[in-house]
Amino acid sequence: MIMIYEKEDEENQLLQSDNQPPPEDAEPEPPASPAVSTSTSESKRYFNLGRYFRRILRRCRRLMLFVLCTMIIGYTLVAKVIPVLLTEYHRYQDDRAIYVPPGIAVDRCADWKSNPVNTDEFFVNMDSLLFLAQGKLSAGEIVVKQSEDATWGGQAKVTVQASSNYPRFFEYVRVCQIRSRRVWLKDIGVGIFSVPWQPVDTGRFSVLVEIPVGAEDRLQLTSLRTDMPHFRHTFGNLSRVHFEKMTVSTKARPINSEFLSFAEGTLHTSHAPIKGTYNVSSEVSLTTSKSFIDVEMQLHRQEPIPADSRSRQLWTTSNLKASRGHIRATYDLRTSTPVAEHSRYSINAETTLGKIDIDFGDAPPAHVLCVHAATTFRRARVFVPPQFEGSFAMNSLYPFRTIVDNRESYDVDPLGRNRSRALWHTYEGPFLRRGAVVWGSVDVIHGEIDLKSTFGSTAIVI
């Protein structure tokens, strides 16, 4: 208790000493700083915008890296790993199931043994020909030609030859005569079907189609359709055969034609070229990717049937499209009508990384021609036929536009009216030049040529 009292006394003494004035010789104490700053500038907290954007960029880079890795892993799984696993699974199960496309009926199949080479012949109605191929093992070449000596009772002869060094190859394929299940279609032909997986070794098929023409000047057939992804297509000199409709579809295999005639045709392939000579009386479409197109076209205009001048049937159309290859086409324009408004031709050519060259060998004295050629990085050039009358537009950068005037090489009026060839063109900006070429003077211009090259050059030869 005494200690407590002494402590209290000391505290009281300390408290009393606080109220006493400081000694005279004591140094003055510095003023204490306030607990909270009253400065307005120091109390503000500035937002660091650069650091915020750097943080967003880091997050975006991480997200893009994650998406890229996910895409690479997904593509590897879907395109590489999963097919290999499925193939090994089917090989382990020794799966021999062969599927026929829906809508197709099978009539007769070849009975082949395990020989290195097997051959069979089919005789089918040649009016509407159909050829199909499906499966990993269905690959080879199909050749179509005309036969002037044989008749075969008005039927086409199809010879199929298969060769393989794998003894069990013929256990996984079927070659059959097929027909369409649809009543309104009379398609009949040959189909080559195989298992959907890839065995250890593959074989090769060779299909020869012979169409008897007999004594007829020109054989008129309804259609020819092929859907054979891994088959090379070769058409011989079919000058005496004309198809109303032609459909050819393949992948990674070329399409070659010595002479092929049809009214409407669609030919499609990829990673392979399209070459040959084609006679078209209505419309043709040639499409390939990562390859080129090199063709000669005969666009024939028949006497028009519809009375409406805006009808599509009054135009003979050619569409050429190659994504990464050049396009080279030479056209002969032919007609059986003297009316200029009825002799109409439309030509469209498009590519990306290749150049375009369009030339004309012959044209009617009076006709209407429309040409559209577009590319991205290369040259687009058109040689105008002497009979052409119409306007033209060149869409490219100013230094890369060329107009070649060759009017002195021909000075004869195609209609025999002693008219002179007139040419004029105007500058309409750094990316466009327009002009026209006519015989004499006209009030209305129907023809048109449109050239476009985004980063390349354009040229027109008059």
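What you see is a predicted model, and the numbers here were worked out from it, not measured in a lab.

Calculation notes
- Residues numbered from 1 in each chain as written.
- Predicted model: local features only at pLDDT ≥ 70, side-chain atom pairs only at ≥ 80, totals over all residues.
- Heavy atoms only, no water.
- Helix = DSSP H or I, 4+ residues; strand = E, 2+ residues; numbered from the N terminus.
- Buried < 20%, exposed > 50% of the residue type's maximum accessible area, 1.4 Å probe, protein only.
- Phe/Tyr/Trp six-rings, centres within 6.5 Å; stacked < 30°, edge-to-face > 60°.
- Patch = residues over 30% accessible without salt bridge, like charges linked within 9 Å, V, L, I, M, F, W, Y side chains within 5 Å.
- Areas by Shrake-Rupley, 256 points an atom, 1.4 Å probe, with all protein chains shown as cover.
- Salt bridge = Lys/Arg side-chain N within 4 Å of Asp/Glu carboxyl O.
- Lys, Arg positive; Asp, Glu negative; His and termini not counted.
- Charge placed at Lys NZ, Arg CZ, Asp CG, Glu CD.
- Contact = heavy atoms within 4.5 Å.
- pLDDT = per-residue confidence, 0-100.
- Pairing = 2+ DSSP bridges.

A.B. asks: Requested: an account of the environment of S391, with residues and values cited.
C.D. replies: The topology assignment puts S391 in strand β21 (residues 390-395). Residue classification places S391 among the partly exposed residues on the basis of a relative accessible area of 26%. Along the primary structure S391 and L423 are separated by 32 residues, whereas in three dimensions their C-alpha atoms are 9.7 Å apart.

A.B. asks: Before we move on, could you go through the packing of aromatic side chains and cite the residues and values that matter?
C.D. replies: This model, assessed by the stated rule, comprises 10 aromatic pairs. Between the aromatic rings of Y410 and W439, the centroid separation amounts to 6.4 Å while the plane-to-plane angle is 55°, which identifies the pairing as tilted. Remark: W439 occurs in strand β24 (residues 433-439) and Y410 occurs in the loop between β22 (401-404) and β23 (421-427); sequence separation between them is 29 residues. W439 shares its class with Y410; the two are buried. A network of ring pairs unites the aromatic residues W112, F169, F170 and F205 as a single cluster.

A.B. asks: Can you break down a positive patch on the surface residue by residue, with the values?
C.D. replies: Residues R51, R54, R55, R58, R59, R61 and R62 make up a contiguous surface patch of positive charge. Along the chain, R61 turns up in helix α3 (residues 49-93).

A.B. asks: Pulling in residues and values, what's your account of a nonpolar patch on the surface?
C.D. replies: On the surface, I73, L77, V78, V81, I82, L85 and L86 cluster together into a nonpolar patch covering about 620 Å² of accessible area. For V78, the location among the structural elements is in helix α3. Judged by relative accessible area, which is 58%, V78 ranks as exposed.

A.B. asks: Before we move on, could you go through the side chain of S147 and cite the residues and values that matter?
C.D. replies: Within the secondary structure layout, S147 lies in strand β4 (residues 140-147). Assessed through its relative accessible area of 13%, S147 is described here as buried. Residue contacts for S147: discarding those within four places in its chain leaves W152, E210, I211, P212, V213 and G214.

A.B. asks: Describe the pattern of salt bridges, naming the residues involved and giving the relevant values.
C.D. replies: Under the definition given, this model contains 14 salt bridges. A salt bridge links E121 to K157, with the shortest nitrogen-to-oxygen separation between them at 3.4 Å. Pair noted here: E121 is in strand β2 (residues 117-125) and K157 is in strand β5 (residues 155-163), with a separation of 36 residues, a long-range link. Overall, the relative accessible area of 16% leaves K157 in the buried class. Residues joined in a network through salt bridges with shared partners are D357, R379 and R381.

A.B. asks: Break down the confidence of the model for the protein for me, with residues and values.
C.D. replies: For the protein, mean pLDDT is 84; residues scoring 70 or higher make up 83% of the total. Low pLDDT, under 50, characterises residues 1-18; the stretch is placed with zero contacts to residues that sit more than four places away or in other chains. pLDDT under 50 marks residues 35-44. Its contacts with residues more than four places away, or in other chains, come to one contact.

A.B. asks: Hey, could you go over the pairing of strand β20 (residues 380-383) for me, with residue numbers and the actual values?
C.D. replies: Of the two faces of β20, the one lined by A380 and V382 is fully buried and the one lined by R381 and F383 carries no buried residue. In the sheet, strand β18 (residues 356-362) pairs with β20 via three bridges, with the strands oriented parallel. The residue of β20 that forms the bridge with I358 is V382.

A.B. asks: Could you give an account of unusual backbone geometry, with specific residues and numbers?
C.D. replies: Although it is not a glycine, H271 sits at a positive phi angle of roughly 55°. Turning to its location among the elements, H271 is positioned in the loop between β12 (255-268) and β13 (274-288). A positive phi angle, near 60°, is found at N418, a position not held by glycine. On the secondary structure map, N418 appears in the loop between β22 and β23. The exposure class assigned to N418 is exposed, which follows from its relative accessible area of 78%.

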